[in-house]
Amino acid sequence: MSSSLDFKAFKASTNKVHLVDFHPVQPWLAMADKAGTVTVWNWSTEQVVYEAQLEAGDTLGMQDALIQRLAEKDSQFYGPQISGTLTVAKSAAAGAIKDIKFLDTDTCFWQLTQQQTMQHKAHTDLTPHLGKIRGLHGHRWLVVACDTKLLMHDLSSNLSREVARTALDNKAPTSVAFLYINNPGLLGSGIAGNPNQLVMTPVIAVGTATGQIYIISVSSGQVCAKCQVQGHTKAVTALLPLSNPRPGGGDMLISASLDGNLLVWDPSIMLPKGPEKEITSKLTIKAHADGVLSMALFQAAIETPDAQPLHLCTTVDSIATLQAGDNKTSVWDVATWKEVPTGRGKPFAKHPVTSVVYSSRAGTSSLATASLLLSSDEGPAVWGM
């Protein structure tokens, strides 16, 4: 049965858009084009919320931050202040934009809810407290990974901060993901009045062009740990948080790379103290002979009273597959990390899959069903689960 989708809104761009991210609660769409322009667009009002030409530096954010710095010196100043441990964004060009994501308490709760539902079928009793988390409370961050830095722009205050490339051992950021860690030795746990209430502190995992992965504190903006240097031998192309099999456990991390490998990490139980310490990977899976370009977690549609099996879809690096004539898309069982035969490994006839996302309700309201949404130069495709 065929059906049509309702046209909601349209935002024109003079350059090719290559990155997008939807806010799960606000009617916001973040997008980055090939010219280095980042735009946050309210698709409900069709108004631009934020726009910056990062190839030329985030001048507006820098000016606003400098003005507030001067205001904070006034003895009568009141209101939220810029954290002294975070660096105000400089006007230097950011370089090519590699990844873009929203980060606030809404996105945290949405991500945790989706992960727990997919892994445990429903919420657990250990729902994390997401109230006044340092670095998140009162902020709506837009996190942008660029060649020269990791930029954090607050859409609430219009202030910008950055993690310079030098903090990443001069490695260029390529991808970001948000994890929720309950490691008391490093980040603390418990809340006032209820020390037994679980608190998960968000951290930013940053993949780089040389294969290293860094764990950055949202509250301080500082590197608090590194993933094993020998983990990946080529650029990290994608990072995904994975809910811990232990209910209430901190997030695990899946990393994909141009070396063709998938690595699984568990920072919550192995997170050491200090930026010079390294986290070792729990598992290495050779996913493809060529590089892995993108990946998405999804639930297989199998009739069972228990939680539906959690699977991972991976796509092959576009350049390598064009040369080899192979555009295979693979599916993996997360419980065993064995490849699952699907009988439909090549969704497009001539071009590789450039991106894949999971939607629990893809399609029209009458035909909504869990699906994988894939795209390539041939167009989009929907895989029903």
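Now for a description of the structure that goes with this document. (Residues numbered from 1 in each chain as written. Predicted model: local features only at pLDDT ≥ 70, side-chain atom pairs only at ≥ 80, totals over all residues. Heavy atoms only, no water.)

1. Concerning the pattern of salt bridges
- Following the criterion strictly, the structure yields 5 salt bridges and no others.
- Linking aspartate 106 and arginine 140 is a salt bridge whose minimum nitrogen-to-oxygen distance equals 3.1 Å. You can see aspartate 106 sitting in helix H2 (residues 105–120) and its partner arginine 140 sitting in the loop between H2 and strand E7 (141–146), a full 34 residues away along the chain.
- If you follow the salt bridges from partner to partner, you end up with Asp104, Asp106 and Arg140 in one network. (Salt bridge = Lys/Arg side-chain N within 4 Å of Asp/Glu carboxyl O. Helix = DSSP H or I, 4+ residues; strand = E, 2+ residues; numbered from the N terminus.)

2. Description of the nonpolar core
- In terms of nonpolar packing, the biggest core is built from 32 residues, with Leu262, Leu297, Leu312 and Trp337 touching the most fellow members.
- Among the elements that make up this core, the one with the highest residue count is strand E19 (residues 292–299) (5 residues).
- Residues within four places of leucine 312 in sequence aside, it is in contact with Leu240, Ile254, Leu262, Met295, Ala296, Leu297, Phe298, Ser330, Val331, Trp332, Val334 and Trp337.
- With 20 residues, the next largest nonpolar core counts Phe178, Tyr180, Tyr214 and Val223 among its residues. (Core = buried A, V, L, I, M, F, W, Y, C linked by side-chain atoms within 4.5 Å. Buried < 20%, exposed > 50% of the residue type's maximum accessible area, 1.4 Å probe, protein only. Contact = heavy atoms within 4.5 Å.)

3. A few points about the packing of aromatic side chains
- Under the criterion given, the structure shown has 2 aromatic pairs.
- Where tryptophan 28 meets phenylalanine 102, the ring centres are 6.1 Å apart and the plane angle is 40 degrees; that geometry is what we call tilted. One end of the pair, tryptophan 28, is in strand E2 (residues 28–33); the other, phenylalanine 102, is in strand E6 (residues 97–103), with 74 residues separating them in the sequence. There is no split in this pair, since tryptophan 28 and phenylalanine 102 are both buried.
- Here phenylalanine 298 and tyrosine 358 contribute two aromatic rings whose centre-to-centre distance is 6.5 Å and whose plane-to-plane angle is 35 degrees, an arrangement assigned as tilted. In this pair, phenylalanine 298 is assigned in strand E19 and tyrosine 358 in strand E23 (residues 355–362), connecting sequence segments 60 residues apart. For the pair phenylalanine 298 and tyrosine 358, one class covers both residues: buried. (Phe/Tyr/Trp six-rings, centres within 6.5 Å; stacked < 30°, edge-to-face > 60°.)

4. Some thoughts on unusual backbone geometry
- Backbone geometry at asparagine 158 places phi at a positive 65 degrees, although glycine is not the residue there.
- Structurally, asparagine 158 is set in the loop between strand E8 (149–154) and strand E9 (160–164).
- The class of asparagine 158 is partly exposed, set by a relative accessible area of 23%.
- Positive phi is not limited to glycine here, since asparagine 170 has a value of about 65 degrees.
- Position of asparagine 170 relative to the elements: it lies in the loop between E9 and strand E10 (173–181).
- Of the residues examined, asparagine 170 reaches a relative accessible area of 49% and is grouped as partly exposed.

5. Details of the environment of leucine 19
- Residue position: leucine 19 is located in strand E1 (residues 17–22).
- Sequence separation between leucine 19 and alanine 32 is 13 residues; the distance between their C-alpha atoms is 5.2 Å.
- Residues within four places of leucine 19 in sequence aside, it is in contact with Ala30, Met31, Ala32, Ile97, Lys98, Asp99 and Ile100.

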